[in-house]
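# Fold and geometry: a report
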Amino acid sequence: MARQPYATPEQLAAWTGQPAPADAERLLARAGEDIDSALLTAIYPVDEDGDPLDPEVRAALANATCAQVEHQLAGGDDGTGAGGLWDSVSIGPVSLSGRSSRTAAAGVELAPRADRALRRAGLTPGRVIGW
């Protein structure tokens, strides 16, 4: 598994076309955890630090991570995964309503653009590798 972070705040700003948020490093780390979860069975060559050797794989991981953050920000998520799960949330006395119908792959909801970046690089399931 490659080392975190997969993307920098500068890459996030380039991806979104907006200045990176103040907590960009935290958001990128959280999004990178989502990418890691989606890639539990991915096979690709890495160096001694665990970083991918293939520049296309490195780019796919960076793009997927930026797409994940972009998706979370657009949905009002702060990187915790709680944003967008409920239409309405109250804290006291606790009240949750309007659960959204989201689907998750590999136990994590990936942004559609993140999923596509990983699929194009051949990193997600559905590809048979001959030995």
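All of the points below concern the structure found in this document. Everything quoted here is computed from the prediction, not taken from an experiment.

## Focus: the pattern of salt bridges
Where side chains of opposite charge bring their charged atoms close, a pairing between them can arise. Enumeration over the complete set of coordinates arrives at 3 salt bridges. We note a salt bridge from Asp 23 to Arg 26, for which the minimum N-O separation is 2.8 Å. Using a relative accessible area of 31% as the deciding quantity, one classes Asp 23 as partly exposed. Taking the relative accessible area as the measure of exposure, Arg 26 reaches 31% and is therefore partly exposed. One salt bridge in this structure joins Glu 70 and Arg 113, with 3.2 Å as the shortest N-O distance. Of this pair, Glu 70 sits in helix α3 (residues 55–74) while Arg 113 sits in helix α4 (residues 112–120), and the two are 43 residues apart along the sequence. Residue classification places Glu 70 among the partly exposed positions, given a relative accessible area of 24%. Residue classification places Arg 113 among the partly exposed positions, given a relative accessible area of 42%.

## Notes on the nonpolar core
Membership of the largest hydrophobic core comes to 17 residues, with the highest contact counts inside it found for Ile 35, Leu 61, Leu 110, Ala 114, Leu 118 and Leu 123. Per element, the largest residue contribution to this core is 5 residues, and it comes from α3. Leu 110 has contacts with Asp 34, Ile 35, Ala 38, Gln 68, Asp 115 and Leu 118, leaving out every residue within four places of it along the chain.

## Overview of the environment of Ala 60
Relative to the assigned elements, Ala 60 resides in helix α3. Look at Ala 60 and you get buried, because its relative accessible area is 6%. Separated by 54 residues in sequence, Ala 60 and Ala 114 place their C-alpha atoms 8.5 Å apart. If we ignore the near neighbours within four places in the chain, the residues touching Ala 60 are Ala 117, Leu 118, Ala 121 and Leu 123.

## Considerations on helix α2 (residues 24–38)
Relative to the 21 Å expected for 15 residues at 1.5 Å per residue, α2 spans 21 Å between its end C-alpha atoms, a close match to the ideal helical length. Listed as buried for α2 are Ala 24, Leu 27, Leu 28, Ala 31, Gly 32, Asp 34, Ile 35, Asp 36 and Ala 38. On the buried face of α2, the contacting elements are α1 (9–16), α3 and α4.

The rules behind the values
- Residues numbered from 1 in each chain as written.
- Predicted model: local features only at pLDDT ≥ 70, side-chain atom pairs only at ≥ 80, totals over all residues.
- Heavy atoms only, no water.
- Salt bridge = Lys/Arg side-chain N within 4 Å of Asp/Glu carboxyl O.
- Buried < 20%, exposed > 50% of the residue type's maximum accessible area, 1.4 Å probe, protein only.
- Helix = DSSP H or I, 4+ residues; strand = E, 2+ residues; numbered from the N terminus.
- Core = buried A, V, L, I, M, F, W, Y, C linked by side-chain atoms within 4.5 Å.
- Contact = heavy atoms within 4.5 Å.
- Expected span 1.5 Å × (residues − 1).

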